[in-house]
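Here are the chains, one letter per residue:
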Amino acid sequence: MYAVTSLLFLLVGFLLILVIRWQLAYPGEPLPFLGELFGVANAPGGIILPEFYNQLGAMHGTIMVFLGVVPLAVGAFGNYIVPLQIGAPDMAFPRLNLASYWFYLAGGIVMLVSFFVPGGAANNGWTSYAPLSDLAPGMGQTLWLGGMGLLIFSSLLGAVNFITTIIQLRAPGLTWFRLPFFVWSQFITSFLLLLAFPALQAAAILQAMDRLAGTSFFLPSGLAVAGQALNVAGAGNALLWQHLFWFLAHPEVYVLILPAMGIVAEIIANNTRKPLWGYRLMVYSVFVLGFLSFIVWAHHMFLTGMGTTISAFFQATTMIISIPSVVILSSLILSLYGGSIRFTSPMLFALAFLPMFGIGGLTGLPLGLATTDIPLHDTNYVVGHFHYLVAPGTIFALFAGIYYWFPRVTGRMMNDTLARIHFVGSLICMNVIFMPMFIQGLAGVNRRLWDGGASYEHAQGVLALNIPMSHAAFTLGFFQLFFIVNLFVSVKRGRKVDANPWQATTLEWSPAGAPLRAYRDPYEYSVPGALTDFTPQGEAKP
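The subject of this paragraph is the overall build of the protein chain. Regarding its fold elements, the protein chain presents 16 helices and two strands. Relative to a compact globule of 542 residues, whose C-alpha radius of gyration would be 24 Å, the protein chain shows 24 Å and is just as compact. Referenced to the eigenvectors of the C-alpha coordinate spread, the extents of the protein chain come out at roughly 80 × 45 × 45 Å. Classification of the 542 residues of the protein chain by burial places 56% in the buried group. When contacts within the protein chain are restricted to residue pairs at least 6 apart in sequence, those whose partners lie at least 24 apart make up 77%. Summed over its atoms, the accessible surface of the protein chain is roughly 21,700 Å², and 70% of this surface lies on carbon and sulfur atoms. Each charge class in the protein chain can be summarised by its mean position, and for the 21 positive and 19 negative side chains these summaries are 16 Å apart.

Here is the structure:
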């Protein structure tokens, strides 16, 4: 249920960005059927108005992060794979699990419905910065806050469930350092969700009160709207919203990345036929990563004038948090050394994750330093950086996980030829889309230009890149059809396989009905003297 729903939301979020890319490449050109779908007020004659463009941008970010990637990485992969990998019969609280799903679905429906209410959906960016979001007319922003409240409650229920399951329901013999790295990644992710999301929950409630109850938590004194003094009590602080939002949203980045790292680690170990290099070091690194993710949030706020002392603190923590990320990435790369690598379709996506995540991380370093962040802030450079982490980074890892665990879920393999076409097309298109964003950002092109920057006379040369970038986005949509067809056809007609087609070692591949007990570490591949090149974790004798 989580997997199907989150994949559908990913499709919706992707369709929204195709509309945005059309507008950036061909500003003012009508897009057929757009007015009929979203209303004449938003797109008369199919021409995208600035207000509607802002709705598309805000809802694309919200849907992709909160309704697509996180529910797929945590809700789908976590709920299905974690109990199997620890030998548990189910999650600790199955009904709580179902409640978490229904709150998630309800939050998603509220978000989608907001497109069709008077005034349209939220149009204040996916960050919903105050005071603009406090004062936005219409119901869209209020529904956004309600939808976020439901999604946050869903995540909190799921986080409690994961933590309890991993602590209490491990199979006999499955000590902490016999856990697969994927389980560790989900365990730390659950703590991030549990500790970070309440900040945004509180912020959403306060903003809803500002909008509906006449309070002024985020409305400072002396505000003027359309030349008229705003009649509110004042004394609020617009920056309070940013602190509460980013206290969630930076750990949220690692909520996206950690499960992806866990998936990639499982696939690399299996397809190199050797244990992960530095497994314990990787586990210690995710602990450090989780802790540090809570003390770097204000590197998103260097332009707020917080002062050099506090800026220096957040610059330092931002540089430090890159260390455990590099440790994990380096361990995954070193795991390839000396391996008998099988270039299966899951492995191709997992291998592509490594350089894509590396580009995303490396381009983030200038944004962690106030001196370079100030000119780069709010430019397309930031968009390119974040998307390299999430699109060819995290989403590639999720595709790898789908191809890898699909036979465990269905008993059938996905078509390898279609998977390879999907991989090659997606890899090329994503780089054509996002790499030019760094060039545009360095030229000073703002990220929120509804007309594609037609008024930016000094940057017309780099703005011409919008056309090939948009063509690549449309082509990327075409290559996703190979995945969609493969997914649906393989469920019914895929090649049937045995219980362990990848010859993997972890417990989720154990024969059905066998009593589960862990006798060894999770990645016993190519053990000297063993009869085969893999020794299952649940097998008593090597």
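All right, on to the side chain of asparagine 466 then. Mapped onto the secondary structure, asparagine 466 falls in helix α16 (residues 466-493). Look at asparagine 466 and you get buried, because its relative accessible area is 4%.

All chains considered together, the criterion is met by four salt bridges. A salt bridge links aspartate 416 to arginine 420, with the shortest nitrogen-to-oxygen separation between them at 2.6 Å. Taken as a pair, aspartate 416 and arginine 420 lie in helix α14 (residues 416-442) at a separation of four residues, close to a single helical turn. Accessibility expressed as a relative area gives 34% for aspartate 416, which makes it partly exposed. Members of the salt-bridge network, linked through shared partners, are Asp378, Arg447 and Arg448.

Of note, glutamine 141 is situated in helix α6 (residues 140-168). With a relative accessible area of 1%, glutamine 141 lands in the buried category. A distance of 3.1 Å separates the side chain of glutamine 141 from the side chain of serine 128, its partner in a polar contact. Reaching out from glutamine 141, the side chain makes a polar contact with the side chain of glutamine 207 at a distance of 2.9 Å. When sequence neighbours within four positions are dropped, the list of residues in contact with glutamine 141 reads Ala122, Asn124, Ser128, Ser133, Ala136, Gln207 and Arg211.

Counting 168 residues, the largest nonpolar core has Met59, Phe77, Phe181, Trp241, Leu332 and Leu354 as its most contacted members. At 20 residues, helix α8 (residues 238-272) tops the list of elements feeding residues into this core. Setting aside its immediate chain neighbours within four residues, tryptophan 241 contacts Thr127, Ser128, Tyr129, Ala130, Trp144, Leu145, Leu200, Ala203, Ala204, Gln207 and Phe218. Counting five residues, the second largest nonpolar core, distinct from the first, contains Val445, Ala459, Val462 and Leu463.

The next point concerns α8. For α8, spanning 35 residues, the distance from its first C-alpha to its last is 51 Å, which sits close to the expected 51 Å at 1.5 Å a residue. Along its length, α8 shows its largest kink, about 30 degrees, at tryptophan 246. Of all 35 residues in α8, 31 are buried; the element is thus mostly enclosed. The opening residue of α8, the one whose side-chain oxygen lies 2.9 Å from the backbone nitrogen of leucine 239, is asparagine 237. Two residues or fewer past α8, arginine 273 is found with a positive phi of approximately 60 degrees.

For helix α9 (residues 279-292), which comprises 14 residues, the first-to-last C-alpha distance of 20 Å matches the rise-based estimate of 20 Å (1.5 Å per residue) to within 8%. Looking only at α9, the buried set comprises Tyr279, Met282, Val283, Ser285, Val286, Leu289, Gly290 and Leu292. Buried residues along α9 sit in contact with α7 (181-212), α8 and α10 (308-335).

On to the packing of α14 against α16. It is at 8 Å that the axes of α14 and α16 come closest, and there the two elements cross at 155 degrees. The angle between α14 and α16 falls in the class roughly antiparallel. Judged by the sense of rotation from one axis to the other, the crossing of α14 with α16 is left-handed. Within the contact of α14 with α16, the residues separate by chemical class into 17 nonpolar, eight polar and no charged.

Next up on the list: the environment of isoleucine 395. Within the fold, isoleucine 395 resides in helix α13 (residues 380-410). On the accessibility criterion, isoleucine 395 (12% relative accessible area) is buried. Here the alpha-carbon distance between isoleucine 395 and isoleucine 257, two residues 138 residues apart in the chain, equals 9.5 Å. Residues within four places of isoleucine 395 in sequence aside, it is in contact with Val69 and Val390.

Turning our eyes to something else, we now look at the environment of asparagine 161. In this structure, asparagine 161 sits in helix α6. Under the relative-accessibility criterion, asparagine 161 is labelled buried at 1%. Taking C-alpha positions, asparagine 161 is 6.9 Å from methionine 91, a pair spaced 70 residues apart along the chain. Ignoring anything within four residues of it in the chain, the contact list for asparagine 161 reads Met91, Ala92, Phe93, Leu96 and Asn97. Here phenylalanine 93 takes part through its backbone nitrogen, which lies 3.0 Å from a polar atom of the side chain of asparagine 161.

Let us look at a nonpolar patch on the surface. On the surface, a nonpolar cluster with roughly 570 Å² of combined accessible area is contributed by Leu11, Leu15, Phe478, Leu481, Ile484 and Phe488. Mapped onto the nonpolar patch, the elements with two or more residues apiece are α1 (2-25) and α16. It is α16 that provides the largest number of residues to the nonpolar patch, a total of four residues. Relative to the elements of secondary structure, phenylalanine 488 occurs in helix α16. Phenylalanine 488 gets classed as exposed once you look at its relative accessible area, which sits at 61%.

Basis of the calculations
Residues numbered from 1 in each chain as written. Predicted model: local features only at pLDDT ≥ 70, side-chain atom pairs only at ≥ 80, totals over all residues. Heavy atoms only, no water. Helix = DSSP H or I, 4+ residues; strand = E, 2+ residues; numbered from the N terminus. Rg over C-alpha atoms; globule rule 2.2 N^0.38 Å. Buried < 20%, exposed > 50% of the residue type's maximum accessible area, 1.4 Å probe, protein only. Contact = heavy atoms within 4.5 Å. Areas by Shrake-Rupley, 256 points an atom, 1.4 Å probe, with all protein chains shown as cover. Lys, Arg positive; Asp, Glu negative; His and termini not counted. Charge placed at Lys NZ, Arg CZ, Asp CG, Glu CD. Salt bridge = Lys/Arg side-chain N within 4 Å of Asp/Glu carboxyl O. Polar contact = N/O pair within 3.5 Å; in protein donor to acceptor, adjacent residues only side chain to side chain. Core = buried A, V, L, I, M, F, W, Y, C linked by side-chain atoms within 4.5 Å. Expected span 1.5 Å × (residues − 1). Bend = angle between axes of the 7 residues up to and from the residue. Axes fitted to C-alpha atoms, helices over the stretch in contact; angles between N-to-C directions. Parallel < 35°, antiparallel > 145°, perpendicular 65-115°, else oblique. Left-handed = near helix turned anticlockwise from the far one by under 90°. Nonpolar A, V, L, I, M, F, W, Y, C, P; charged D, E, K, R; others polar. Patch = residues over 30% accessible without salt bridge, like charges linked within 9 Å, V, L, I, M, F, W, Y side chains within 5 Å.

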